[in-house]
Amino acid sequence: MEGPSDDVGTPAGEGRRPVPLIVTEDLELLDDLLRLCAAAGCRPVVHPAPPDRGAEWDAAPLVIVGDDAAARCRGLARRSGVVLVGRDQDDAGVWRHAVEIGADCVLRLPDSESWLVDRIADVVEGSGRQALTVGVLGGRGGAGASTLACALAVSAARGGHRTMLVDGDPLGGGLDVLLGAEREEGLRWPDLAASKGRVAAAALEESLPAPRGLRLLSWGRGDAAALPPEAMRSVLAAVRRRGGVVVVDLPRRMDDATVEALAQVDMGLLVVPAELRAVAAARKVASTVGMVLDDLRVVVRGPYSSGVDESWVARVLGLQLAGEVPEDSRLPASLDCGAPPGASPSEPLGRFCSAFWERVLVPGGTP
């Protein structure tokens, strides 16, 4: 086996995202490592021996050295991000080799496969700040939570933030309809319902519809099905790793998938119409959601019943007031004409969303 294998990526610094460097001539071990790299969404650079160009060794974000190649890597520059991988559980000499090449750790396959996939995915996807994740839910049915979730996502994308909108309610009718994207190509929740473990974030993002400058994960037009909590956990964790802003439209019922989503939400917005029955219903929702989510705030929506204002609603619910959205009589007609919620920054809903992001995001798109 001479020279780099055909299964190679592009080294870091040549215009593409960084990929690991694998050094081994053990074909069976290489097959396993290539499979793990594929699970993490990348194609590595492969060498049977230490690369002739020291820059490749130095520049790779992660170097995976097979135990067969450890002796040949002695004398190379010490660096972080080197792991020694093998299968022989009883080889005492492997620890000596790890010290000689300055490896961070020694891994045994198949026991360490899950850890190694996560490590590869981390270096490929980067380790920047996770997305600010905002969950939106209604204090009662018809409160306008889905409309606000769409408007927040449209506003964030318009402001130049990497934005993901996630439809967490299989009975909500589909956020793609609100955005006029029901015919756009891309994955929907039914395609991802079997997801478990680590999901490749970059590949997921690229596979989703992209209306209005944001990425959308919605439901299809088929029969709604309960979403396994493992799928919600894995998919939402993946989209958060991409950074920017994630907006999740959540149902009022607390099934297992909703609990998994709330566990990854940084801030919740409870949309409550300014009328007494809505406030009474919202108290029950707030009490239930508050058992999972620490930061829950209320958005009060007009029109206002007599004697009710936004401060009173927040006080009765015991929640921080995130703001109020005045009644906009033009909104239903605008939606019927195909304009997505929040499309106009000058209308009440658009103004609320712009002001909200200005308060909760610092320059650069971080919380």
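Anything mentioned here points back to the structure above.
Residues numbered from 1 in each chain as written. Predicted model: local features only at pLDDT ≥ 70, side-chain atom pairs only at ≥ 80, totals over all residues. Heavy atoms only, no water.

Student: Teacher, can you tell me more about the sheet that holds strand S1 (residues 21-23) here?
Tutor: The strands that make up a sheet pair up through hydrogen bonds in the backbone, lying either parallel or antiparallel. The strand order across the open sheet built from 5 strands is S2-S1-S3-S4-S5, with neighbouring strands paired in parallel fashion. Two strands lie at the open edges of the sheet, namely strand S2 (45-47) and strand S5 (105-108), each paired on one side alone. The average undirected angle you get between the axes of adjacent strands in this sheet is 25 degrees. Alignment of strand S4 (residues 82-86) against S5, held across 4 bridges, turns out to be parallel. Its bridge partner being in S5, Gly86 is matched across the sheet by Arg108. Contacts from helix H3 (residues 93-101) reach strand S3 (63-66), S4 and S5, with the element oriented near 160 degrees to S4. Lying over the sheet, helix H4 (residues 113-125) contacts S3, S4 and S5, oriented at roughly 125 degrees with respect to S5. (Pairing = 2+ DSSP bridges. Helix = DSSP H or I, 4+ residues; strand = E, 2+ residues; numbered from the N terminus. Axes fitted to C-alpha atoms, helices over the stretch in contact; angles between N-to-C directions. Contact = heavy atoms within 4.5 Å.)

Student: Where do I start with unusual backbone geometry in this structure?
Tutor: Generally, phi is negative for residues other than glycine and the peptide bonds are trans, each holding for most cases. Residue Leu109 is joined to Pro110 through a cis peptide bond whose omega torsion reads 10 degrees. With respect to the secondary-structure elements, Pro110 resides in the loop between S5 and H4. A positive phi angle is found at Arg212, which is not glycine, with a value near 55 degrees. Within the secondary structure, Arg212 is located in the loop between helix H8 (201-207) and strand S8 (215-217). We classify Arg212 as partly exposed; its relative accessible area is 49%. (Buried < 20%, exposed > 50% of the residue type's maximum accessible area, 1.4 Å probe, protein only.)

Student: I tried to follow the pairing of strand S11 (residues 296-301) on my own but got confused; where do I start?
Tutor: It is a general feature of regular strands that their side chains alternate between the two faces of the sheet. Among the 6 residues that make up S11, 5 are buried, leaving the element largely enclosed by the rest of the structure. Note: strand S10 (residues 267-273) against S11, 6 bridges, orientation parallel. Each residue of the ladder has a partner; that of Val272, found in S11, is Val300. Each parallel crossover has a hand, and the one from S10 via helix H11 (residues 276-289) to S11 is right-handed. Relative to strand S12 (residues 320-325), S11 is paired through 5 bridges, and the arrangement is parallel. Within S12, the position partnered with Val300 by the bridge is Glu324. Running through helix H12 (residues 310-317), the crossover from S11 to the neighbouring parallel element S12 is right-handed. (Right-handed = clockwise from strand over helix to strand, strands pointing away.)

Student: What am I meant to see in helix H1 (residues 27-39) here?
Tutor: Residue pairs spaced three or four apart in an α-helix point in one direction, given the helix's 3.6 residues per turn. For H1, with 13 residues, the first-to-last C-alpha span of 18 Å sits near the 18 Å given by 1.5 Å per residue. Of the positions making up H1, those classed as buried are Leu29, Leu30, Asp32, Leu33, Leu34, Leu36 and Cys37. Here the buried face of H1 lies against S1, S2, S3, S4 and H4. Where H1 starts, the residue carrying a side-chain oxygen 3.1 Å from the main-chain nitrogen of Glu28 turns out to be Asp26. One or two positions beyond H1, positive phi appears at Gly41, with a value near 85 degrees. (Expected span 1.5 Å × (residues − 1). Polar contact = N/O pair within 3.5 Å; in protein donor to acceptor, adjacent residues only side chain to side chain.)

Student: Please clarify how the packing of helix H5 (residues 145-158) against helix H14 (residues 348-360) should be interpreted in this entry.
Tutor: A packed helix pair is summarised by two numbers, namely the angle formed by the two axes and the spacing between the axes. Closest axis-to-axis distance for the H5/H14 pair is 9 Å, and the angle between their directions is 60 degrees. Judged by the angle between their axes, H5 and H14 are oblique. Here H5 runs over H14; the crossing is right-handed. When H5 is examined against H14, the residues Thr147, Leu148, Ala151, Leu152, Ser155, Ala156 and Arg158 are found in contact with a partner set consisting of Leu349, Phe352, Cys353, Ser354, Phe356 and Trp357. Its residues placed into classes, the contact of H5 with H14 shows 9 nonpolar, 3 polar and 1 charged. (Parallel < 35°, antiparallel > 145°, perpendicular 65-115°, else oblique. Left-handed = near helix turned anticlockwise from the far one by under 90°. Nonpolar A, V, L, I, M, F, W, Y, C, P; charged D, E, K, R; others polar.)

Student: Hey, could you run me through the side chain of Gln264 in this one?
Tutor: Along the chain, the position of Gln264 falls in the loop between helix H10 (256-263) and S10. Given a relative accessible area of 11%, Gln264 falls into the buried group. Setting aside anything within four residues of it in sequence, one finds Gln264 in contact with Thr133, Met232, Arg233, Leu236, Ala237 and Arg240.

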